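Next come the chains, spelled out residue by residue.
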Amino acid sequence: QVQLVESGGGLVQAGGSLRLSCAASGRTLRLYMGWFRLAPGKEREFVAAISKSGVITDYADSVKGRFAISRENAKNTVYLQMNGLKPEDTAVYYCAAGETLLTSGAVRIGYDYWGQGTQVTVSS
């Protein structure tokens, strides 16, 4: 069992930046990881994913060029650097990890573990 704890959310003005962190219990080398978000009245949305090695990343079109996902396996931590934030980025952001899929890539599905979420609010 893997436990994920997010941190780094908060209130920021449009155009500002935040960095989210996700600390995982245990070693993360075997886990592909990602970030998702849930805004009021909307379905959960994929944001970004990173492969086990950290070499391959994938982003939703809505955040491409503004957000960057990275990982430090030595610290069992994944990050989401968010720049150029917009009011439409307001949501609860969830870290996710998976090991079910036999993949060396960054994936948008197949996640087994989820964090509790951290609120990001962007004011206009």
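Above this note sits the structure.
Residues numbered from 1 in each chain as written. Predicted model: local features only at pLDDT ≥ 70, side-chain atom pairs only at ≥ 80, totals over all residues. Heavy atoms only, no water.

A. Structural view of the environment of Val-12. Relative to the elements of secondary structure, Val-12 occurs in strand β2 (residues 10-13). A relative accessible area of 13% means that Val-12 is categorised as buried. As a C-alpha pair, Val-12 and Ser-124 span 112 residues in sequence and 9.1 Å in three-dimensional space. (Helix = DSSP H or I, 4+ residues; strand = E, 2+ residues; numbered from the N terminus. Buried < 20%, exposed > 50% of the residue type's maximum accessible area, 1.4 Å probe, protein only.)

B. The arrangement of the environment of Arg-19 in detail. Structurally, the position occupied by Arg-19 is in strand β3 (residues 18-24). On the accessibility criterion, Arg-19 (47% relative accessible area) is partly exposed. In this structure the C-alpha to C-alpha distance between Arg-19 and Gly-9, which are 10 residues apart in sequence, comes to 7.5 Å. Discounting residues that sit within four places of it in the chain, Arg-19 has contacts with Ser-7, Gly-8, Tyr-79, Leu-80 and Gln-81. (Contact = heavy atoms within 4.5 Å.)

C. Broad picture of the state of the cysteines. A full pass over the atoms with the stated rule returns one disulfide. Disulfide pairing places Cys-22 opposite Cys-95 at an S-S distance of 2.0 Å. Where Cys-22 bonds to Cys-95 through sulfur, the torsion about that S-S bond is close to -75°, and the disulfide is left-handed. Here Cys-95 lies in strand β9 (residues 91-98) and Cys-22 lies in strand β3, a separation of 73 residues in the sequence. Since its relative accessible area comes to 0%, Cys-22 is described here as buried. Residue class for Cys-95 comes out buried when judged on its relative accessible area of 0%. (Disulfide = S-S within 2.5 Å.)

D. A look at the nonpolar core. Core analysis: the biggest nonpolar cluster contains 38 residues, and Leu-4, Met-33, Trp-35, Leu-80, Met-82 and Tyr-93 have the highest contact counts within it. Mapped by element, the contributors of at least two residues to this core are β3, β4 (32-38), β5 (45-50), β7 (67-72), β8 (77-82), β9 and β11 (118-123). Not counting residues within four places of it along the chain, the set of residues in contact with Leu-80 comprises Leu-18, Arg-19, Leu-20, Trp-35, Val-47, Ala-48, Phe-67, Ala-68, Ile-69 and Tyr-93. (Core = buried A, V, L, I, M, F, W, Y, C linked by side-chain atoms within 4.5 Å.)

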